[in-house]
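# Structural overview
Here is what each chain is made of, one letter per residue.
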Amino acid sequence: MPGARAAAVDDLLKRYGEQGAANFSADAGEQFFDRPFVEAKSGEPRKCSLCHTTDLKRTGKHATTGKAIEPLAPSVNPKRLTDVRDIEKWLTRNCKWTLGRECTPQEKGDVLLMIKGR
Amino acid sequence: MKNKAERNGRVLAQCAAAALAGALCTVVLAAPRTFPAVSDSVYVKECGGCHMAFPPQLLPARSWRGVMGSLDAHFGDSAQLDTPTHRAISDYLATNAADGANNAESIAIMASIDGGATPDRISKVPYIEGLHAAVLDPRWNGTPRPKTLAECPVCHYRAGLGDFFERRFKVSDEAFRK
């Protein structure tokens, strides 16, 4: 698992680098994770931590359906960050819900690096 | 997991052995499932990440087609899938939908839907909406108090196995006096 995770994250950071992002920072990722955005239509506040909480070792909760979300931190949930397609799928979907747009390669890289260290 | 027939068979065999030995034996056979347990791994992974992987037998094929045709705006969320995954899940849902299913609940579901209607969510099926009217009422004062009906297992704690008959919730006398 740690090998697959390192490979998947390296692969994605390289890809984001080729798309123009640079100097990925886990600190920036941590700030981004708790940054509030406003949903355009309803005006309701949204942020990553709304569902995932700010403690990535804890179980989260889907804001709409209430379903439990397994912890993101690989230290307690080793399956996390081991599949490039899975990571990209969730980043695409969840950025659209949270920000109302896709995340930039820089935002994705920062968050990825932050999650990897948890 | 062993299937139910196998499990029941094993219990019966053990009881037969116990009876031969002159011992008493109590057999509790599980109630029949409402629907087959959802077993399609792609469907469970892709749809079950955000909500329970609902048994396809809960909606007619035309409703599932509508759901799968608007995944970019899926109840306020983006649930887009790549093309092969989308096709696989669409096929699974259509093949197992209520209008092709031969169980009492699916038949009741289909009977409650107007021929020309296409419910866009499970809780809009008249039969299901009716059964849950009390829970959906803003004055519902029981526990748990689900925000939506999306999470069946909150009350139907065996729903993951396809069993919707078993349910667990509390309503106080107080709730009835109001």
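Anything mentioned here points back to the structure above.
Here goes a summary of the coordinates provided. (Residues numbered from 1 in each chain as written. Chains lettered and ligands numbered in written order. Predicted model: local features only at pLDDT ≥ 70, side-chain atom pairs only at ≥ 80, totals over all residues.)

### Quick notes on the overall build of chain B
A count of helical and extended segments in chain B gives eight helices and zero strands. Reading chain B from its N terminus to its C terminus gives the helix and strand order α-α-α-α-α-α-α-α. Counting every position in chain B, which comprises 178 residues, the buried fraction comes to 20%. (Helix = DSSP H or I, 4+ residues; strand = E, 2+ residues; numbered from the N terminus. Buried ≥ 20, exposed ≤ 12 C-beta atoms within 10 Å, placed from the backbone.)

### Quick notes on the overall build of chain A
When helices and strands are counted, chain A shows five helices and four strands. When the helices and strands of chain A are listed from N to C terminus, the series reads α-α-β-β-α-β-β-α-α. Computed over C-alpha atoms, the radius of gyration of chain A comes to 14 Å, within 12% of the 13 Å expected from 2.2 N^0.38 for 118 residues, which places it in the range of a compact globule. If you line up chain A on its principal axes, its C-alpha atoms span 40 × 30 × 25 Å. The 118 residues of chain A split such that 25% are buried. Within chain A, counting contacts between residues at least 6 apart in sequence, those at least 24 apart form 56% of the total. (Rg over C-alpha atoms; globule rule 2.2 N^0.38 Å. Contact = placed C-beta atoms within 7 Å.)

### Details of unusual backbone geometry
Cis geometry marks the peptide bond from threonine 143 of chain B to proline 144 of chain B, where omega comes out at -5 degrees. The residue proline 144 of chain B is located in the loop between helix H7 (133–136) and helix H8 (173–177) in this model. Within the chain, threonine 53 of chain A stands out as a residue other than glycine whose phi angle is a positive 65 degrees. With respect to the element layout, threonine 53 of chain A can be found in the loop between helix H3 (48–52) and strand S3 (60–61). Positive phi is not limited to glycine here, since leucine 81 of chain A has a value of about 60 degrees. Tracing the chain through its elements places leucine 81 of chain A in the loop between strand S4 (68–69) and helix H4 (84–99). Classification of leucine 81 of chain A as buried rests on a count of 24 C-beta atoms within 10 Å.

### So, the packing of helix H3 (residues 61–68) of chain B against helix H4 (residues 83–95) of chain B
Residue and element names in this part refer to chain B. Two elements in contact, H3 and H4, have axes whose closest approach is 9 Å; the angle formed by their N-to-C orientations is 160 degrees. When the interaxial angle is binned, H3 and H4 end up roughly antiparallel. Relative to H4, the crossing made by H3 is right-handed. Two secondary-structure elements touch here, H3 through Ala61, Trp64 and Met68 and H4 through His86, Ile89, Ser90, Leu93 and Ala94. Of the residues contributing to the contact of H3 with H4, the split by class is six nonpolar, two polar and no charged. (Axes fitted to C-alpha atoms, helices over the stretch in contact; angles between N-to-C directions. Parallel < 35°, antiparallel > 145°, perpendicular 65-115°, else oblique. Left-handed = near helix turned anticlockwise from the far one by under 90°. Nonpolar A, V, L, I, M, F, W, Y, C, P; charged D, E, K, R; others polar.)

### Some points on the environment of serine 106 of chain B
Residue and element names in this part refer to chain B. Relative to the elements of secondary structure, serine 106 occurs in helix H5 (residues 104–112). Distance in space between the C-alpha atoms of serine 106 and glycine 130 is 15 Å, their sequence separation being 24 residues. Leaving out residues up to four positions away in the same chain, serine 106 has contacts with Gln57, Ala98 and Ala101.

### Things to note about the environment of cysteine 103 of chain A
Residue and element names in this part refer to chain A. Here cysteine 103 lies in the loop between H4 and helix H5 (105–116). Owing to 20 C-beta atoms within 10 Å, cysteine 103 belongs among the buried residues under this scheme. Sequence separation of cysteine 103 and lysine 41 is 62 residues, and the distance between their C-alpha atoms is 19 Å. The residues touching cysteine 103, leaving out its near neighbours within four places in the chain, are Leu91, Cys95 and Lys108.

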